[in-house]
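A structural walkthrough
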Amino acid sequence: KQVAGLVRPFATTYIPKSRRTIRDNPITVDATRDQQEGFDRLRNEYWYQSDCGETLDIKNKPTLIIKCQQISDGFLKMGKDGPILRFKSEKLDYCIDKILELVACGERVIVWTAFNESVDIILQQLQRHKQLKGRCYGFTGSRRFDENGWLKRGLVCVATADSGSSVNHFSQVRHAIY
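In short, a report on the structure.

The rules behind these values
Residues numbered from 1 in each chain as written. Predicted model: local features only at pLDDT ≥ 70, side-chain atom pairs only at ≥ 80, totals over all residues. Heavy atoms only, no water. Helix = DSSP H or I, 4+ residues; strand = E, 2+ residues; numbered from the N terminus. Buried < 20%, exposed > 50% of the residue type's maximum accessible area, 1.4 Å probe, protein only. Contact = heavy atoms within 4.5 Å. Right-handed = clockwise from strand over helix to strand, strands pointing away. Pairing = 2+ DSSP bridges. Axes fitted to C-alpha atoms, helices over the stretch in contact; angles between N-to-C directions. Salt bridge = Lys/Arg side-chain N within 4 Å of Asp/Glu carboxyl O. Expected span 1.5 Å × (residues − 1). Arc of directions from axis to C-beta. Polar contact = N/O pair within 3.5 Å; in protein donor to acceptor, adjacent residues only side chain to side chain.

This part takes up the environment of Arg43. The residue Arg43 is located in helix H2 (residues 33-45) in this model. With a relative accessible area of 44%, Arg43 lands in the partly exposed category. Residues Arg43 and Leu64, 21 residues apart in the sequence, show an inter-C-alpha distance of 7.2 Å. Not counting residues up to four positions away in its chain, the partners in contact with Arg43 are Gln36, Leu64 and Cys68.

Here is the structure:
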């Protein structure tokens, strides 16, 4: 263990595919009523209006897909500088429950998301649990990662795909949620 600790910063971990166990368990959860209404409005009318009167116009299909993904994650960003609306999300609830289950079994978890706002939402939810206070880390392209804290105390890391992370940051983590 001492040698491995000395070598770790200078080496990468490679596990041949023949010795790796990878399980892909796709999970489907139902959209809440508010989410479904948001999806329908965006898909059918290409716009969304918040309760405070802010309007989001959808100009193209890629933007439509991104906005539907945001609603699925439990929020909707109303334009570049607009407010962020929150939606109840069964997907978020399932993700939090799964993380808590894995941590209760003594496992560390990496959660990959598409949006910085999703990282913030998940971290806020996790910090409500006493056993995770100070043991959850966020990793995005716009946020400095506390690698030492993660290696010493980390149980959960929530990161975006564009965070600049490498497999070395999470080589000892057996569970990833995408």
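We are not done yet, so read on.
Moving on, we come to the pairing of strand E6 (residues 136-139). Burial along E6 is two-sided: Cys136 and Gly138 and Tyr137 and Phe139, pointing in opposite directions, are all buried. Chirality of the crossover, the property in question, places the unit of E6, helix H6 (residues 147-153) and strand E7 (residues 156-160) among those that are right-handed.

Notably, Tyr46 is not glycine yet its phi reads approximately 60°, a positive angle. Along the chain, Tyr46 falls in the loop between H2 and strand E1 (47-49). When its relative accessible area of 29% is taken as the criterion, Tyr46 is described as partly exposed.

Let us look at the sheet that holds strand E5 (residues 109-113). Across the sheet, which stays open at both edges, the four strands sit in the order E6-E7-E5-E8 with parallel pairing between neighbours. Bordering the open sheet on either side are E6 and strand E8 (175-177), each of which pairs with just one other strand. Averaged over all pairs of adjacent strands, the angle between their axes in this sheet comes to 20°, without regard to strand direction. Direction of pairing for E6 relative to E7: parallel, over a ladder of four bridges. Bridge pairing in E7 places Cys136 opposite Val156. Of the strands in this sheet, E5, E6 and E7 are in contact with helix H5 (residues 116-126), which crosses E7 at around 165°.

Summed over all chains, the structure comprises eight salt bridges. A salt bridge links Lys98 to Glu101; its shortest N-O distance comes to 3.6 Å. Placement of the pair is Lys98 and Glu101 together in helix H4 (residues 90-104), with a separation of three residues, close to one helical turn. Using a relative accessible area of 28% as the deciding quantity, one classes Lys98 as partly exposed.

Taking 1.5 Å of rise per residue, 15 residues should cover 21 Å, and H4 covers 21 Å from first to last C-alpha, within 8% of that figure. Every buried residue of H4 is listed here: Leu92, Cys95, Ile96, Ile99, Leu100, Leu102 and Val103. The buried residues of H4 occupy an angular sector of 165° when projected down its axis, which confines them to one face. On the buried face of H4, the contacting elements are helix H3 (61-73), strand E4 (84-86), E5, H5, E7 and E8. N-cap assignment for H4: the residue whose side-chain oxygen lies 3.3 Å from the backbone N of Lys91 is Ser89. Directly after H4, the chain includes Gly106, whose backbone phi takes a positive value near 85°.

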